[in-house]
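# Residue-level structural notes
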Amino acid sequence: MDIRRALTTAELRAAEGLFDGPAREDWSARFLAAPGHLMLIAYVDDVPAGMVSGVEMSHPDKGTEMCLYELSVDEGYRRRGIGRSLTLALADEARARGCYGMWVGVDTDNEAALATYASAGSLDEGVFTMRGWPLADPVPDSDTGT
């Protein structure tokens, strides 16, 4: 397994099977251009097998921390330590960037994610709730236009 930072939209598009939906060219370019955004892709025999994305978050009284935004491992490559390796690689990158910590929000019933993060040394910092504000209509389906 080889873990590499994605630097081009072509790399993101080639790994889009690891995402929840298709990787749009414009969104991929915006992600890569944004300071503090990072995506690491794990390759097995040059095939994208997993990915982790992180976003640096800074605050005047806290410094900078890394948010593990999303972790995904292709079903055919699961239970091989790829998720753990990606999580640790993101933590290493966060440390190298001077982040004081790293965190992730995870559903309490997502046993696979909880086990992965625990195996990578995460600590349970307690229960919290997440609230959201939908600010735009959902993205139209590219096949149907709806």
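It should be emphasised that the depicted structure is a prediction, and the values quoted were computed from it without experimental measurement.

## A few points about the sheet that holds strand β2 (residues 37-44)
Pairing within the open sheet is mixed, and its five strands lie in the order β1-β2-β3-β4-β5. Sheet topology places β1 (2-5) and β5 (102-103) at the edges, where each strand pairs with a single neighbour. Across ten bridges, strand β3 (residues 47-59) lies against strand β4 (residues 63-73) in antiparallel orientation. For E56, the partnering residue across the bridge sits in β4 and is M66.

## What to know about the pattern of salt bridges
Applying the stated rule across the entire model yields seven salt bridges. Between R4 and D2 there is a salt bridge; the shortest N-O distance is 2.7 Å. We classify D2 as partly exposed; its relative accessible area is 34%. Between R97 and E56 there is a salt bridge, with its nearest N and O atoms 2.8 Å apart. Of this pair, R97 sits in the loop between α3 (82-96) and β5 while E56 sits in strand β3, and the two are 41 residues apart along the sequence.

Reading the values: the criteria
Residues numbered from 1 in each chain as written. Predicted model: local features only at pLDDT ≥ 70, side-chain atom pairs only at ≥ 80, totals over all residues. Heavy atoms only, no water. Pairing = 2+ DSSP bridges. Helix = DSSP H or I, 4+ residues; strand = E, 2+ residues; numbered from the N terminus. Salt bridge = Lys/Arg side-chain N within 4 Å of Asp/Glu carboxyl O. Buried < 20%, exposed > 50% of the residue type's maximum accessible area, 1.4 Å probe, protein only.

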